Amino acid sequence: MKKLLVLSAAILAACSAASTEEGIEISDIRFNPPLPGQTTGVGFMSLENKGPADRLISASSPLSDNIELHTHLNDNGVMRMRKVDAIDLPAGETVELKPGDYHIMIFDTEMVAGEETTVTLDFETAEDVTLVVPVVPRGTAPKASGHGSDTQY
């Protein structure tokens, strides 16, 4: 019963709106498991900054001790992933963590589609936030899981 109450509270926290004075709204959050034979998953979301400029400086999860923020860069016609120290969140703008752009890399993980986990996002100015994140098959719409949509921090 206690586990059910804790899980229910975590799901409600991920699905309901909350806000801080910084006003970063997080939506469409999801993780994709590794491709067959690999151990690296990926995380995506939308970050709408309704407050002053800020930066996402890290992410952590019980899925792995090795999680990095990444982007894709065009290197003489070849797209390459590169680690970034932070992702700028300009005031009044939305930054998408999406395939082919900014994203979260989750190394050395065994996550499986259909499961849930948590992620803690660390911002330069705004308070850290921990969310329940659905692990969905690649190409699955994030709102289909019912979690992580339209949460404001």
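Reading the values: the criteria
Residues numbered from 1 in each chain as written. Predicted model: local features only at pLDDT ≥ 70, side-chain atom pairs only at ≥ 80, totals over all residues. Heavy atoms only, no water. Pairing = 2+ DSSP bridges. Helix = DSSP H or I, 4+ residues; strand = E, 2+ residues; numbered from the N terminus. Axes fitted to C-alpha atoms, helices over the stretch in contact; angles between N-to-C directions. Buried < 20%, exposed > 50% of the residue type's maximum accessible area, 1.4 Å probe, protein only.

Colleague: Honestly, the sheet that holds strand 10 (residues 129-134) in this entry has me stumped. Any pointers?
Modeller: In any sheet, the strands associate via hydrogen bonds between backbone groups, in a parallel or an antiparallel arrangement. Taken in spatial order, the four strands of this open sheet run 6-3-9-10, and their pairing is antiparallel. Strands at the two margins of the open sheet, each flanked by one partner only, are strand 6 (87-89) and strand 10. Between one strand and the next, the sheet's axes are offset by a mean angle of 40°, whatever the strand orientation. Strand direction decides the pairing type here: strand 9 (residues 116-123) and strand 10, joined by six bridges, are antiparallel. The residue of strand 10 that forms the bridge with Val-119 is Leu-131.

Colleague: Would you take a moment to explain the pairing of strand 2 (residues 41-49) for this structure?
Modeller: A regular strand places its side chains on the two faces of the sheet in alternate fashion. The buried count for strand 2 comes to eight of nine residues, which makes it a mostly enclosed element. Here strand 1 (residues 24-32) pairs with strand 2 via seven bridges, running antiparallel. Each residue of the ladder has a partner; that of Ser-27, found in strand 2, is Ser-46. Where strand 2 meets strand 8 (residues 103-106), three bridges bridge the pair, whose relative direction is antiparallel. Residue pairing across strands places Gly-41 opposite Ile-106, the latter belonging to strand 8.

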